[in-house]
Structure formats: structure tokens, C-alpha cells
Amino acid sequence: MGTISFEELREFYQGKSVLVTGHTGFKGSWLCRILTLAGAKVTGYALEPPTSPSLFQAAGLEETMDSVTGDVRDLENLKQTFNRVQPQIVFHLAAQPIVRDSYRNPAYTYETNVMGTVNVLECVRLTDSVKSFLNVTTDKVYENREWEYGYRECDPLDGYDPYSNSKSCSELVTHSYQKSFFQDGRCAISTSRAGNVIGGGDFANDRIIPDCVRAAGKQEDIIVRNPHSTRPYQHVLEPLAVYLTIAMRQFGDHQFCGYYNVGPDDCDCVTTGELTDLFCRIWGEGLKWVNRYDGGPHEANFLKLDCSKIKRVFGWTPRYHVQEAIEKTVEWSKAYLAGEDMRAVTDRQIKEFFGAL
């Protein structure tokens, strides 16, 4: 079956009320744009975009959807939004997502990633219209043993740093709510654990591809702080296609509820140095990088996922390898630096990916 097609997306999501938390972030912006193109009635609930510039602003998404500025730590505001919108499907992406920021501000990271999840699930519990809920977490939820095989959904959860650990807690909160309040089957609940994503419109600090794009835009050398760490890199549209598939399939059949890893094939688990080499080659213009290993706070050196479950259950296969993921990122970023219409560029990449062009 491979990746869900654009026709399948439109057939299911057209006219449905969908609420996305964290919609002003990198992944949230891409997700909302896919849903809007598929004809869904999309409401987003999030803080102001976490970066400036941001994909949300560059593509002018605020005028294309119902955008609510709010904090997931604010239960009353969240309840009011759920009451007004009466969503049928909820995607929970709101999070403090940066490992290094979690060392600088652990309390805020836990408040957002743990109590934020509690608040969203509380609203789902109190809102009868919701039939399908997906909590988006991370590959870093697992107890990391630096071993060479991929983590499976049944492996123990115990993230090391405050970010990873708070996402492990967010998983446990979801499991508890599912068992405590949704055994009656009125709402299907799943979590999805994704690896590192790359793609156009990511302007975050402390992420390698945004660092590459910034350096390329200024015609400077790229600074790489940990060139030997191995990560599963995938284009942002890969996990989003999986999230959309899970929410759709469990909406009609609760046997699809569960915990799902989503990551690239083994050949796309590369070191940061290899990734940067690839970026420099595809970008051209004599771009190069320098190794500035800084020790830094603890981060896993080796991390990958076993994605056999999602391949078995949904017949899913990744559409892009890491080289194509970087090619698409470079294409988007060069268009942005050239002042092109970024909503049009974003829409074209979505339609290419889902086979609608």
C-alpha cells in the first residue's frame, strides 16, 4: 500500500473538524496545510510561532485556518476551544521540543510536555465529539542503551534528559487515560514515536539542517557540534502521512489503536557529519562544514527505531530516502531565500509527496 494517497486523505478528512495543538511549529504547520488541502475544517491551538522566521508565517497559514493563540498549560482556555470547535479528530503536537532547552529550563519542559498532555486528554475526555486522538511523541522516549538494533514499541520507556523523559511521561499519561476513561470505545487513542525530521521551513535553534540553511544563506561554514552521533533522519512529510493514517484508520476501527514507531529505513540512519556532507553536496556553491565538537550536555550517540509494526499493520513504506529528503529541503530553502511564494512551494511539495501532481 505504501504512503496514503491524496485521494484517500481527501475522501476521509474532507468536511471533518480537526484540532491540532502546536500548529504554529514546524511539523504542526505542515500537518495543518495537508489537512486544509484535504478539505478538513482545521483549528490550531498553540503559542505564537516558536521561531522567527517560521513556516507558519512564511506560508501565510494564519489566514487559511482557524488559529487560536493559547498555551496547553491553560486548561480553561483549552476547554473553551474544544467546546466551540467540537473536533472529531485531535492531533497533539504542542511541546517544548529541544533537548538543550530542556536542560536550561526543565520545569517549563515538564509543565508543557506532561501537564499539557494531561490537559489535552482531559478536554478529549470531556468532549463527546472526539472520536480519534493521536499523541505525537519522539524516538527519544525509550531507555537508551546505545545498542545497534532499533527500539521496538514494547521496549521500556525512560528518556534520559528532561525533554526525552517528559515525552516518556506524556506517553504514560496517554496510556493511563486510555485505560481509565476510554475503555468504552467512544474515542480511539494512539501515540506515535517519530525520529528526527528534516524539511523546508524548520528554523529551530540547535538542529543540524536549520544550522546548515542559515550558514548557506550567509555563505559561511557550517558549524557541526557532534558529527559522530547517528540519528534516523526522514522528511517531515513521512511521519505526518503516518499520523494521518493512524487517526483515519482508528476512527473507524479501534483495533488500530496502539503505540507506533515511525522512522526511516536503516540505510537512512546516518551520522550528523554524513548528513552535513550530503547537504553541502546538494546545496553546492562551495559550502563546507567544520567540526566544533563542544562536549555539550548528554545526548544519545546512537538511536534508531524498529518500524516493522507500522509496516505490518498499515503496509507503510517510506517514500523518500535521506538524499531526497535533503533535496526537498534545499529546494524549499532556496525558494525561501529567493523570495518565492512559500505557500505555493509548500503545497507543491505536499502534492508531489502524496502523488497528487
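Please refer to the structure higher up on the page.
Residues numbered from 1 in each chain as written. Predicted model: local features only at pLDDT ≥ 70, side-chain atom pairs only at ≥ 80, totals over all residues. Heavy atoms only, no water.

1. Comments concerning the pairing of strand E9 (residues 230–235)
Short version of the rule: For the exposure calls, accessible area comes from a 1.4 Å probe over protein chains only, and a residue counts as buried if that area is under 20% of its type's maximum, exposed if over 50%, partly exposed in between. We count a stretch as a helix when DSSP gives it H or I for four or more residues in a row; a strand needs E for two or more, and each element gets its number in order from the N terminus. Between any two strands, at least two bridges found by DSSP are needed for them to pair.
Where burial is concerned, most of E9 is hidden: six out of the six residues are buried. Burial along E9 is two-sided: Thr230, Pro232 and Gln234 and Arg231, Tyr233 and His235, pointing in opposite directions, are all buried. The sheet contact formed by strand E7 (residues 196–198) and E9 spans three bridges and is parallel. Its bridge partner lying in E9, Ile198 is registered against His235.

2. Some words on the pattern of salt bridges
Pairing between side chains of opposite charge can happen when the charged atoms of each approach one another. The following threshold applies: Salt bridges are defined as contacts in which a side-chain nitrogen from Lys or Arg sits within 4 Å of a carboxyl oxygen from Asp or Glu.
Scanning all chains against the criterion turns up 20 salt bridges. Note that Arg84 and Asp66 form a salt bridge whose closest N and O atoms lie 3.0 Å from each other. In this pair, Arg84 is assigned in helix H4 (residues 75–85) and Asp66 in strand E3 (residues 66–69), connecting sequence segments 18 residues apart. Of the charged contacts in the structure, one is a salt bridge between Lys288 and Asp221, with a shortest N-O distance of 3.2 Å. Residue Lys288 is found in the loop between helix H10 (272–283) and strand E12 (289–291), and its partner Asp221 is found in the loop between helix H8 (208–218) and strand E8 (222–224); the two are separated by 67 residues along the sequence. When its relative accessible area of 33% is taken as the criterion, Asp221 is described as partly exposed. A single salt-bridge network, built from bridges that share partners, covers Asp71, Arg73 and Glu111.

3. Quick look at the sheet that holds strand E1 (residues 17–21)
How we decide: For helices, the axis comes from a line fit to the C-alpha atoms of the stretch in contact; other axes are also lines fit to C-alpha atoms, and the angle between any two N-to-C directions lies between 0 and 180 degrees. Two residues form a contact once any of their heavy atoms are found within 4.5 Å.
Across the sheet, which stays open at both edges, the seven strands sit in the order E3-E2-E1-E4-E5-E6-E10 with parallel pairing between neighbours. Sheet topology places E3 and strand E10 (259–262) at the edges, where each strand pairs with a single neighbour. Across the sheet, the axes of successive neighbouring strands diverge by a mean angle of 20 degrees, strand direction being ignored. As defined by bridge partners, strand E5 (residues 132–136) adjoins strand E6 (residues 188–194) across five bridges and the pair is classed as parallel. For Phe133, the partnering residue across the bridge sits in E6 and is Ile189. Each of E1, strand E2 (41–46), strand E4 (89–92), E5 and E6 is contacted by helix H2 (residues 26–37), which is oriented at about 170 degrees to E1, the strand it contacts most.

4. Details of the environment of Ala107
Examined against the element boundaries, Ala107 turns out to sit in helix H6 (residues 106–126). On the accessibility criterion, Ala107 (48% relative accessible area) is partly exposed. Separated by 59 residues in sequence, Ala107 and Ser166 place their C-alpha atoms 9.9 Å apart.

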